[in-house]
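Secondary and tertiary structure notes
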Amino acid sequence: SFPSGGTTKATSGSMQHQFLPNLRVIKLESNKLSVLPNSFGKLLSSSTMQQCYLQNNKLVAIPEMQENNRKPTATGFVSGLLTLDVTNNNIVQLSRSIGRALGPSLLSLRIAHNRLESIPVASFAYFKKLQDLTCHGNPILSPDLRDVITSGTYVPPITRQVSHIVQKMFDAIKHRSEERRVGKE
């Protein structure tokens, strides 16, 4: 339940929020928040929530969110959170569910100036519509994440290994072909 008495109830497999059911934007920046209730994750996962601004707090985590299984409309729109800004907090890790929960709808993810050393990189495969990723000012150690940031796409490690092997094979074939051509001249 929510702190002020509102509740969440399940109806036909989705979450319907009785507490402010038409709420689209949450602005809780600069409130010295350090912890959010687990029910806040359900609110972020709701089909009506579009923007959440939590920057300049003391948050150490974002509550677990539910998977977004909503189908896109004819125009490709998927209801759900469009913007999540948790810049300038103390977040040390992101939930592994963030991709499945927000990926289909999220356009902007701002996680700069936290304490993130790693991010569940596989989650980026779910961010099909992400246009704004701001994550500077974190002590990120993961080379995979650095690749995501610079290239804008996530390539699983096994794909990179296979790609490297295939590239070596093509280079060897090209080299042999050049040797034969030089030998015939």
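Structural data are supplied above this passage.
Description of the nonpolar core
The biggest cluster of nonpolar side chains holds 28 residues, and the ones touching the most others in it are L84 and L102. Residues within four places of L102 in sequence aside, it is in contact with L44, M65, L81, L84 and F127.

A word on the sheet that holds strand β7 (residues 132-134)
As summarised here, the arrangement of the five strands in space is β3-β4-β5-β6-β7, forming an open sheet in which the pairing is parallel. Since the sheet does not close on itself, it has two edges, and those belong to β3 (25-27) and β7, each with one partner. In this sheet, adjacent strand axes meet at a mean angle of 5° when their direction is disregarded. Examined bridge by bridge, β3 and strand β4 (residues 51-53) share three bridges and lie parallel to one another. Considered in β4, the bridge of K27 is made with Y53.

What about the packing of aromatic side chains?
The final tally for this structure, using the stated rule, is zero aromatic pairs. Directly above the ring of Y53 sits K27, whose terminal nitrogen or CZ lies 5.8 Å from the centroid.

Quick notes on the pattern of salt bridges
A complete count under the given rule lists two salt bridges for this structure. The salt bridge partner of R110 is D85, with a shortest N-O separation of 3.8 Å. Here R110, found in strand β6 (residues 108-110), pairs with D85, found in strand β5 (residues 83-85); they are 25 residues apart in sequence, far enough to count as distant. In this structure R110 comes out as partly exposed when scored by relative accessible area, which is 27%. When the shortest N-O distance is used, the salt bridge between R110 and D132 registers 2.8 Å. Linking R110 in strand β6 with D132 in strand β7, this pair joins segments that are 22 residues apart in sequence. Salt bridges linked by common partners bring D85, R110 and D132 together as one network.

Description of unusual backbone geometry
Positive phi is not limited to glycine here, since K32 has a value of about 60°. With phi around 60°, N88 is a residue other than glycine that occupies positive phi space.

Side note on the environment of N114
Looking at where N114 falls in the secondary structure, it is placed in the loop between β6 and β7. Through-space distance from the C-alpha of N114 to that of T87 is 6.7 Å; in sequence the pair is 27 residues apart. The contacts of N114, once residues within four sequence positions are left out, are V86, T87, N88, N89, N90, I91, G137, N138 and P139. Among the polar contacts made by the side chain of N114, one reaches the main-chain amide nitrogen of N89 at a distance of 3.2 Å. A polar atom in the side chain of N114 sits 3.2 Å from the backbone nitrogen of I91.

Re the side chain of N138
Residue placement: N138 occurs in the loop between β7 and α3 (143-151). Residue class for N138 comes out buried when judged on its relative accessible area of 13%. Engagement of the side chain of N138 in a polar contact is seen with the backbone nitrogen of R115, the distance being 3.4 Å. Among the polar contacts made by the side chain of N138, one reaches the main-chain carbonyl oxygen of C135 at a distance of 3.0 Å. Apart from residues lying up to four places away in sequence, N138 is in contact with I111, A112, H113, N114, R115 and L116.

Cut-offs applied
Residues numbered from 1 in each chain as written. Predicted model: local features only at pLDDT ≥ 70, side-chain atom pairs only at ≥ 80, totals over all residues. Heavy atoms only, no water. Core = buried A, V, L, I, M, F, W, Y, C linked by side-chain atoms within 4.5 Å. Buried < 20%, exposed > 50% of the residue type's maximum accessible area, 1.4 Å probe, protein only. Contact = heavy atoms within 4.5 Å. Pairing = 2+ DSSP bridges. Helix = DSSP H or I, 4+ residues; strand = E, 2+ residues; numbered from the N terminus. Axes fitted to C-alpha atoms, helices over the stretch in contact; angles between N-to-C directions. Phe/Tyr/Trp six-rings, centres within 6.5 Å; stacked < 30°, edge-to-face > 60°. Lys NZ or Arg CZ within 6 Å of the ring centre and 35° of its normal. Salt bridge = Lys/Arg side-chain N within 4 Å of Asp/Glu carboxyl O. Polar contact = N/O pair within 3.5 Å; in protein donor to acceptor, adjacent residues only side chain to side chain.

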